[in-house]
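Close look at the chain arrangement
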Amino acid sequence: MQDNATEVTAAGIARLAGVGRAAVSNWRRRHADFPRPVGGTETSPAFALTEVEAWLRRHRKLAEVPLKERVWQQLVGHPEGPVTALIHAGCALLLIHDRPPVWLDISSGTDERLAALLPEALDEVLTPRALGSPCPGQPDGSRVHTRDAVNTRPSTPAATPTPTAAAPAAPGASTPADAAAPAPAEPRAALELLTASRLLPSVPLLRGVAELAAGTGARHTFEFLLGRHLDANPRQYTLTPPDLAALMAALAGTPATVLDPACGTGALLRAVASRPDRVLYAQDGARDLAALTALRLALHTRAPVHAAAGDTLRADAHPGLRADAVLCHPPFNERNWGHDELAYDPRWEYGFPARTESELAWVQHALARLREGGTAVLLMPPAAASRRSGRRIRSDLLRRGALRAVVALPAGAAPPYSVPLHLWVLRRPDRAPAQPEVLLVDAGRFTDDGRGGPDWPGVGETVLDAWQAFDGAGRIDQRPGLARSVPVIELLDDDVDLAPARHLPPPADTGGAGRLAGVRERLDETLRLTSRLAPPPAEPVPPAASGRLPLTTVGELARAGALVMRTGGHGGPARVPVLTDHDVLAGTAPSGTLPESEEEPVLTEAGDVVLPVLGGGAVARVVDEATAGAVLGRNLVLLRPDPAALDAWFLAGFLRGTANHRRASSYASTATRLDVRRLQLPRLAPDEQRRYGARFRDLDAFERALREAGRLGEQLVRGMYDGLTDGTIAPD
């Protein structure tokens, strides 16, 4: 199949050319030679990538399609879907990573030759990477190896296949004779043979992937493509953020064998995959996720990887395994987890879970796969700590010393981001503790005000310090508001409620009224500053002087070189602060994160003007020295004016005009999108620009002072309520 079979949408064309989607619509209307749609729908047409690329070059809309964007468009336009394309790309990248001479040899000929030679070459790479004995009790075929095609049905980690129907095979895949039998599906290898006919449509993509890997490396190339795919489909996958995965891995210690029975995209196992002497086991109900996990781990480590696809609770791929550690982010609130079929399963050592307690089924599955003394760390919904239907199992977990710690995370730690989730740390008991205690930790105070997520350094230090002290001594001294080891007998009441906040005393208020007096003093100062910064009464312009100024647009200024326009990316370097659209709207410091990738980030500089393109708010922010150096986040556009031609504050001020935004905005069913190129501003001499800019700068200072006054006022009111209700402040 030729490369022109790859299709690209209008959004993809806009990304290739670095413009908004409105510009693509204009090109279609104004240019009779614009490529005709070759697929898609009437409202979302698709175009041949090569035709679009040729048209863009012919009309000088771009000099060269960036290699990353070209490969990405080939991936999303793959005839069997982006997940199949990702798996094919991952297999090729593993071959390039492990045996580059073999890839150079088989890729030197025609596409047909490459497709014909690739299956055997992949088999020679994938099978050795899973060397080692299969898990106890599992036949040799359970190892990660290649046999058949891969099912690429979109799925979430929380969605497990029903026991009465096997997942549909991908086109061209061999299907077992009993695949349609109404019985629980047996676990299957995550990766199966990719035949020449299946690989031929992917050959142009694989060549592009190889070219990309030559510059950035096979591992980073796969992480870039996987991260972009996950970012483009946020509702299809339930992800475990890297910081949370690192915390869970740290709580598990230094195990030699690790299992993740609901592996998703492999974030938890990746967090422990740095050591080659570890053996990694993975399973997921979605076969595409199990395949992606196997490839991701194989690219990150030389450790043996045993990955399988199948419903873990109904069809466990590792029934004889006794691992040193189990890490798991299980699906939440699943009713169809196998309650009716698994009533007599030997894993329910601590009690048969109710239909509404799927999470307690995963807890007991994890304990059943541990060796004596092994540690399991599970991410749990907070309701699992207090639901009455689970109190008998929680009680038995406590009595027998299996549940060692419950950690309340701050909101925003993982999806669903509005709920403060819990971590349960369990240990398969080798003996009953003499005076059992359980560690309760509340890290809820480390919630971040922005959208960048929790204060992970604070969370990690607090949780790990408390756990290590407790794990060594079996108890810890009380840390008010943060951590406490509670005797099990205190928790064995009618509710067996394990929510940490209900058993931890609030921290001592060392400031009390004095602290609130300081807040009141700062509020007074801010209000006085706000009064001084308030703009003077507006004087209307005389009618004779109110003639319409000549206007220009941001697009015209960009073409003339008076400013440079950049859009926010989808990835960037690790540990670099990211300026998000929420930061721009709220006027706060950079607080975001982006998936780590080799994508070239857009770094802000002092004097840049940043605008959010979604939401309809008339906001423009001038970057100051404190914000300079942050990565430009998604849904943001950066304008970098030439100081000799444009004053930054003049530019930002006129771009905030309400009428200006209305003219430049387009409306979808649920959102408003701003086409920055259509925003207008008057043509004025530099001196006149600076006059306007000074006034706009004063308005910005007034706005920031108002925002600070509001924040301090809320802090004062909340502190007064808390002080009056807890007795630290007298009512008079």
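Structure report, in brief. (Residues numbered from 1 in each chain as written. Predicted model: local features only at pLDDT ≥ 70, side-chain atom pairs only at ≥ 80, totals over all residues. Heavy atoms only, no water.)

One open sheet holds the three strands; their spatial order is β1-β3-β2, and the pairing between them is antiparallel. The two strands at the open ends of the sheet, each matched to only one other strand, are β1 (7-9) and β2 (39-40). Of the pairings in the sheet, the one linking β2 to strand β3 (residues 45-48) comprises two bridges and is antiparallel in character. Bridge pairing in β3 links Gly40 to Pro45. Helix α3 (residues 49-58) contacts β1 and β3 of the sheet and is inclined by roughly 75° relative to β3. (Pairing = 2+ DSSP bridges. Helix = DSSP H or I, 4+ residues; strand = E, 2+ residues; numbered from the N terminus. Contact = heavy atoms within 4.5 Å. Axes fitted to C-alpha atoms, helices over the stretch in contact; angles between N-to-C directions.)

Turning to the sheet that holds strand β13 (residues 483-487), a few remarks are in order. Read from one edge to the other, the open sheet built from ten strands follows the order β4-β7-β6-β5-β8-β9-β11-β10-β12-β13, with strand pairing classed as mixed. Each edge of the sheet is formed by a strand with only one pairing partner; in this case those strands are β4 (188-189) and β13. Looking at chain direction, strand β6 (residues 279-284) and strand β7 (residues 305-309) are connected through five bridges and run parallel. Looking at the pairing, Leu280 lines up with Val305 of β7. Strands β8 (323-328), β9 (370-380) and β11 (422-427) of the sheet are contacted by helix α14 (residues 358-368), whose axis makes an angle of about 155° with β9. Sheet strands in contact with helix α15 (residues 391-399) are β10 (403-408), β11 and β12 (437-442), and its direction is about 50° off that of β11.

To continue, consider the packing of helix α11 (residues 242-251) against helix α16 (residues 456-473). When two helices pack together, their arrangement is given by the angle between the helix axes and the distance between those axes. Two elements in contact, α11 and α16, have axes separated by 11 Å at closest approach and are oriented at 10°. By the angle class used here, α11 and α16 are roughly parallel. When the axes of α11 and α16 are compared, the crossing they make is right-handed. Facing α11, whose interface residues are Asp243, Leu244, Leu247, Ala250 and Leu251, α16 presents Trp456, Val459, Gly460, Val463, Leu464 and Trp467. (Parallel < 35°, antiparallel > 145°, perpendicular 65-115°, else oblique. Left-handed = near helix turned anticlockwise from the far one by under 90°.)

Locating Val406 in the fold gives a position in strand β10. Exposure remark for Val406: the relative accessible area of 0% places this residue in the buried category. When the C-alpha atoms of Val406 and Leu378 are compared, they prove to be 9.9 Å apart, with 28 residues separating the residues in sequence. Setting aside residues up to four positions removed in sequence, Val406 forms contacts with His422, Leu423, Trp424, Leu439, Leu440, Val441, Leu498 and Pro500. (Buried < 20%, exposed > 50% of the residue type's maximum accessible area, 1.4 Å probe, protein only.)

Turning to the pairing of strand β17 (residues 609-612), a few remarks are in order. Burial along β17 is two-sided: Val609 and Leu611 facing one way and Val610 and Pro612 facing the other are all buried. Note: β17 against strand β18 (residues 621-622), two bridges, orientation antiparallel. When the bridges of β18 are listed, Val609 appears paired with Val622. Judged from the four bridges that link them, β17 and strand β20 (residues 636-641) form a sheet pairing that is antiparallel. Counted as the bridge partner of Val610 is Leu638 from β20.

Looking now at the pairing of β20. In terms of burial, β20 is largely enclosed, as five of its six residues are buried. Of the strand pairs in this sheet, strand β15 (residues 563-567) and β20 are connected by five bridges, and their pairing is antiparallel. Note on β20: the bridge partner recorded for Leu563 is Pro641.

What follows covers the nonpolar core. Counting residues in each nonpolar core, the largest one holds 96 residues, and the members touching the most others are Trp103 and Leu423. In terms of residue count, the dominant contributor to this core is helix α5 (residues 82-98) (eleven residues). Beyond its immediate stretch of four places on either side in the chain, Leu423 contacts Leu244, Leu247, Met248, Leu251, Val377, Leu378, Leu379, Ala405, Val406, Val407 and Leu409. The next biggest cluster of nonpolar side chains, apart from the first, holds 39 residues, and it includes Val363, Leu397, Trp424 and Leu440. (Core = buried A, V, L, I, M, F, W, Y, C linked by side-chain atoms within 4.5 Å.)

On to helix α13 (residues 287-300), then. For α13, spanning 14 residues, the distance from its first C-alpha to its last is 20 Å, which sits close to the expected 20 Å at 1.5 Å a residue. The element α13 is extensively covered by neighbouring structure, given that 14 of its 14 residues are classed as buried. (Expected span 1.5 Å × (residues − 1).)

The contact between α5 and α13 brings their axes to 10 Å, and the two run at 20°. Compared by their axis directions, α5 and α13 come out roughly parallel. Considering the relative orientation of α5 and α13, their crossing is left-handed. On α13, the residues that touch Val83, Leu86, Ile87, Gly90, Cys91, Leu93, Leu94 and His97 of α5 are Asp288, Ala291, Leu292, Leu295, Ala298 and Leu299.

What follows deals with a nonpolar patch on the surface. Taken together, the side chains of Leu549, Leu551 and Tyr692 present a nonpolar region at the surface, about 220 Å² in accessible area. Looking at where Leu549 falls in the secondary structure, it is placed in the loop between α18 (513-533) and β14 (551-553). (Patch = residues over 30% accessible without salt bridge, like charges linked within 9 Å, V, L, I, M, F, W, Y side chains within 5 Å. Areas by Shrake-Rupley, 256 points an atom, 1.4 Å probe, with all protein chains shown as cover. Salt bridge = Lys/Arg side-chain N within 4 Å of Asp/Glu carboxyl O.)

When the terminal C-alpha atoms of helix α10 (residues 218-232) are compared, their 21 Å separation across 15 residues agrees well with the 21 Å that a helix rising 1.5 Å per residue should span. Burial within α10 is extensive, with twelve of its 15 residues counted as buried. Taken together, the buried positions of α10 are occupied by Ala218, Thr221, Phe222, Glu223, Phe224, Leu225, Leu226, Gly227, Arg228, His229, Leu230 and Asp231. The elements touched by buried residues of α10 are α1 (10-17), α4 (67-76), α5, α9 (203-216), α12 (267-270) and α13.

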